[in-house]
Amino acid sequence: MGRASRKKQKQRVRSAASDPSGGSPGVGEPRALGEAALGRLLCLNAPGKLSLAGAYAFGYAELGCAQREGTGPRWYQAIDPLDALFLGTVWPARFRDEFEFANARDAWLRLLRGTVHGKGVQRFVQEVVSASEELGLPVDDGELMLALTGRLEVAGLDQSRLPRRLLPATALQGCRALHGPSLDLQLPEPPGDAKKLVKRFWKDAAEETWADDTPCAVLRDGLRRFEDTGLPVKEEPATLLPALYAVLLTKPGEPLSDMGEHATAWALSLDEKSMLVPVLDVLLVAPELEMSAADTLGYLFALPAFTESISSDALLWTSSPGLALPRLAFELGIPKVSTLGAEFTPDLLDWAGMRSRMHLSAAVRGSAADLAETDGADHVDGTQEESDERWAERRAAVLDKVCKKSGRTAAAHRRFDRPVERIWNADGSSVVRFSTDTPHGQKLCEGMERQTDAFRKKFGREPGADDPLFFDPDADEPTPLTKEYFDGMMLDMVERAEEMGIDPAFLHAWREVGYVVTEENRSMFTTAEVLAFSRAVDRHRHGDE
């Protein structure tokens, strides 16, 4: 983009910045202070010469301009203040999609850790949550995001500028999160018995157990499921990464058409220091280098991480807008973050990632024309255009190869006689189905009937579609159980665990992650959720409370 074009776009952004909502009536003092601060910050900052407060002002202004002119992609609607700050650091450059945006955001935030600007980001997050609590608004509400601008100057986040070396355009050049591993990746030397190991890999058809938490075991389970849908898993290396991802993170309702793109986004999201990255890099380059599935597995068996437990950092989906701010808030000891979609607590991070991924994908699936509008825009690193194009083509090839054999969902779990099953829709919503065909299912149904009777007695009517069946017994109106109530109930059960014949570690783990996994309900959870629960049980069982 030339200097004249940037000047013109900057003028449009400034004119739209103060009113991204179209001029809502009844604004108060926080909004007026925010508008005044926004004008000052836009005048005192410029692309490449930004404070954290200035970066937020430019990001907020970009959102306002996009909303007014109808030029922004749909995923802009999911952006929160921390996303807006990052968006401002790269303005006027654009991102291809929400996955590239979120992965670049997280890579940049990792680079800032341990620096004075990293502490500034922490202060920014604290200001966002404080503003949310004081104004009684979600962190991603438009009114709050404007009011926040006035607080950033008071917090001193306009005092020092980000050095050019820490701005994304420079800091993320050649970054794995944006461009993937180099196609010149040095592959490991396969072990001498590689052929024997690969043969055993394909031959082992036993169902994996809870203890099988290695990439090798999860990949084998994923390929087995893909093979059941008719995919040529032994001939096509492009199925390997989606198969690993599908078993680890996807819900049964996620469309197969999303699998290749989501698998790549997840693989690129991990910190380069992650133990799983060497495994993922082999899986990423295998299709591009036209390696056979057998050769790819041979290289994988040369990596210790392939047969070791999957690290916990790989068990969360982070490649969507709206997910970084809650994570940082929880790291700072903030117990909850209120958003337009839900009130997040630490135990809901995995659910938040799943919901964001599926909801955005369902919304964006029909908006290819909107995404195409950004094709001619600048990218964060103009020197990597050729590499970007190659990786975009590779992702498209993976998607095509994985999808062409089947129209069914890739993560469909084998169905057994389950007493309870959660049915997932493509947008992340779900319903729970109880079966009366098993004794345990009958007990569950009886318990639901008792809960319905309790609702009738408490409120004098039948529960409606929007009423919580598990309600706060002390509330006068049907009110969902709060986390505080649930935590108190769990702690009370822990004190009586021995007389109830329950392992206290299960209750502590349930309280920590927000759900409990049993043999009967395991099919309702992803492998990542099962691993998170079982590891929490182990921690509490060994006294790491």
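Residues numbered from 1 in each chain as written. Predicted model: local features only at pLDDT ≥ 70, side-chain atom pairs only at ≥ 80, totals over all residues. Heavy atoms only, no water.

Enquirer: Would you take a moment to explain the overall build of the chain for this structure?
Expert: Each helix and strand counted, the chain has 24 helices and 4 strands in total. Within the chain, residue pairs in contact and separated by at least 24 positions form 68% of the contacts whose partners lie at least 6 positions apart. Total accessible area computed for the chain in this model is approximately 25200 Å², and 50% of it derives from carbon and sulfur atoms. (Helix = DSSP H or I, 4+ residues; strand = E, 2+ residues; numbered from the N terminus. Contact = heavy atoms within 4.5 Å. Areas by Shrake-Rupley, 256 points an atom, 1.4 Å probe, with all protein chains shown as cover.)

Enquirer: What exactly am I supposed to notice about empty space enclosed by the protein here?
Expert: If a probe the size of a water molecule is rolled over the atoms, the empty space left behind becomes visible. Taken as a whole, this structure holds 6 cavities of 30 Å³ or more when the rule is applied. Considered as a void within the structure, the second largest cavity measures approximately 80 Å³ in volume. Lining the second largest cavity we find Leu249, Lys251, Leu315, Leu316, Trp317, Asp350, Gly353, Met354, Arg357, Thr526, Ala528 and Glu529. When residues of the lining of the second largest cavity are traced back to their parent elements, those giving at least two are helix 17 (349-364) and helix 24 (527-541). The element best represented in the lining of the second largest cavity is helix 17, accounting for 4 residues. Among the residues making up the lining of the second largest cavity, the classes are represented as 6 nonpolar, 2 polar and 4 charged. (1 Å grid on protein atoms, 1.4 Å probe; cavity = no way out; pocket = protein on both sides within 12 Å on 5 of 7 lines; lining within 4 Å. Points joined across faces, edges and corners; volume = space filled by probe spheres on them. Nonpolar A, V, L, I, M, F, W, Y, C, P; charged D, E, K, R; others polar.)

Enquirer: For this particular structure, what's the right way to read the nonpolar core?
Expert: As a rule of thumb, nonpolar side chains are buried together in soluble globular proteins. Leu219 and Trp266 are the most contacted members of the largest nonpolar core, which has 109 residues in total. The element that contributes the greatest number of residues to this core is helix 3 (residues 52-69), accounting for 10 residues. In contact with Leu219, other than residues within four places in its own chain, are Phe201, Leu240, Ala243, Leu244, Leu297, Leu300 and Phe306. (Core = buried A, V, L, I, M, F, W, Y, C linked by side-chain atoms within 4.5 Å. Buried < 20%, exposed > 50% of the residue type's maximum accessible area, 1.4 Å probe, protein only.)

Enquirer: Can you walk me through the environment of Pro190 in this structure?
Expert: Note that Pro190 resides in the loop between helix 9 (176-179) and helix 10 (194-203). Sequence separation of Pro190 and Leu303 is 113 residues, and the distance between their C-alpha atoms is 8.7 Å. Those residues in contact with Pro190 that sit more than four places away from it in its chain are Gly298, Tyr299 and Ala302.

Enquirer: Explain the packing of aromatic side chains to me, please; I cannot follow it from the model alone.
Expert: For any pair of aromatic rings, geometry is given as the distance between the ring centres together with the angle between the planes. This structure, assessed with the given rule, holds 22 aromatic pairs. Ring centres 6.2 Å apart and planes at 70° place the aromatic pair Phe344 and Trp351 in the edge-to-face group. Summarising the aromatic geometry, the rings of Phe459 and Phe471 are spaced 5.2 Å apart at their centres and angled 70° between planes, so their arrangement reads as edge-to-face. Of this pair, Phe459 sits in helix 20 (residues 439-459) while Phe471 sits in the loop between helix 20 and helix 21 (483-495); the two residues are 12 residues apart in sequence, bridging distant segments of the chain. One cation-aromatic arrangement involves Arg357 over Trp317; the distance from NZ or CZ to the ring centre is 5.1 Å. (Phe/Tyr/Trp six-rings, centres within 6.5 Å; stacked < 30°, edge-to-face > 60°. Lys NZ or Arg CZ within 6 Å of the ring centre and 35° of its normal.)

Enquirer: It is not clear to me how the pattern of salt bridges should be interpreted in this structure. Could you clarify?
Expert: Should their charged atoms come close, side chains of opposite charge can pair. Following the criterion strictly, the structure yields 24 salt bridges and no others. Across the salt bridge formed by Glu529 and Lys251, the nearest N and O atoms sit 2.8 Å from each other. Of this pair, Glu529 sits in helix 24 while Lys251 sits in the loop between helix 12 (240-249) and helix 13 (259-269), placing them 278 residues apart in sequence. Lys251 carries the same exposure label as Glu529, and that label is buried. Several salt bridges share partner residues, and in doing so they unite Asp83, Arg105, Asp106 and Arg327 into one network. (Salt bridge = Lys/Arg side-chain N within 4 Å of Asp/Glu carboxyl O.)

Enquirer: I tried to follow unusual backbone geometry on my own but got confused; where do I start?
Expert: Working note: non-glycine residues mostly have negative phi, and peptide bonds are mostly trans. Across the junction of Trp91 and Pro92, the peptide omega takes the value 10°, indicating a cis bond. Within the element layout of this structure, Pro92 appears in the loop between helix 4 (81-90) and helix 5 (98-112).

Enquirer: Is there a simple way to think about the side chain of Ser269 in this case?
Expert: Relative to the assigned elements, Ser269 resides in helix 13. With relative accessibility at 4%, the residue Ser269 sits in the buried group. Leaving out residues up to four positions away in the same chain, Ser269 has contacts with Asn103, Arg110, Thr318 and Ser319.

Enquirer: Where do I start with the environment of Pro92 in this structure?
Expert: Residue Pro92 is classed as buried on the basis of its relative accessible area, which comes to 8%. For the pair formed by Pro92 and Phe58, sequence separation is 34 residues and the distance between their alpha carbons is 9.1 Å.

Enquirer: Honestly, the side chain of Arg31 in this entry has me stumped. Any pointers?
Expert: When you line up the elements, Arg31 lands in helix 2 (residues 29-44). Exposure remark for Arg31: the relative accessible area of 6% places this residue in the buried category. Within the local environment of Arg31, its side chain forms a polar contact with the side chain of Glu143, the two groups lying 2.7 Å apart. (Polar contact = N/O pair within 3.5 Å; in protein donor to acceptor, adjacent residues only side chain to side chain.)

Enquirer: For this particular structure, what's the right way to read helix 5?
Expert: For the α-helix, the turn length of 3.6 residues means that residues three or four positions removed from each other point alike. Over its 15 residues, helix 5 runs 21 Å from end to end, which matches the ideal 21 Å to within 8%, given 1.5 Å per residue. Taking burial as the measure, the 15 residues of helix 5 include 13 buried ones, the bulk of the element. Two or three places before Phe99, at the start of helix 5, stands the capping residue Asp97, its side-chain oxygen 3.1 Å from that residue's backbone nitrogen. The first or second residue beyond helix 5 is Gly114, which carries a positive phi of 85°. (Expected span 1.5 Å × (residues − 1).)

Enquirer: Hey, could you run me through the confidence of the model for the chain in this one?
Expert: Do not read the predicted coordinates in detail wherever pLDDT is low. In the predicted model, the chain carries a mean pLDDT of 82, and 79% of its residues have values of at least 70. The lowest-confidence element of the chain is helix 18 (residues 368-372), averaging 42 in pLDDT; the highest-confidence one is helix 4, averaging 98. Segment residues 403-417: pLDDT under 50, and 38 contacts once partners within four positions in sequence are set aside and those in other chains are kept. (pLDDT = per-residue confidence, 0-100.)

Enquirer: I would appreciate a short explanation of the packing of helix 5 against helix 13 in the present structure.
Expert: Helix packing for two helices is described by the angle between their axes and how far apart those axes are. Across the interface, helix 5 lies against helix 13 with an axial gap of 10 Å and an inter-helix angle of 5°. If you check the angle between helix 5 and helix 13, you find them roughly parallel. Contact with helix 5, carried on its side by Phe99, Asn103 and Arg110, involves Glu261, His262, Ala265, Leu268 and Ser269 of helix 13 and no other residues of that element. Its residues assigned to classes, the contact of helix 5 with helix 13 comprises 3 nonpolar, 3 polar and 2 charged. (Axes fitted to C-alpha atoms, helices over the stretch in contact; angles between N-to-C directions. Parallel < 35°, antiparallel > 145°, perpendicular 65-115°, else oblique.)

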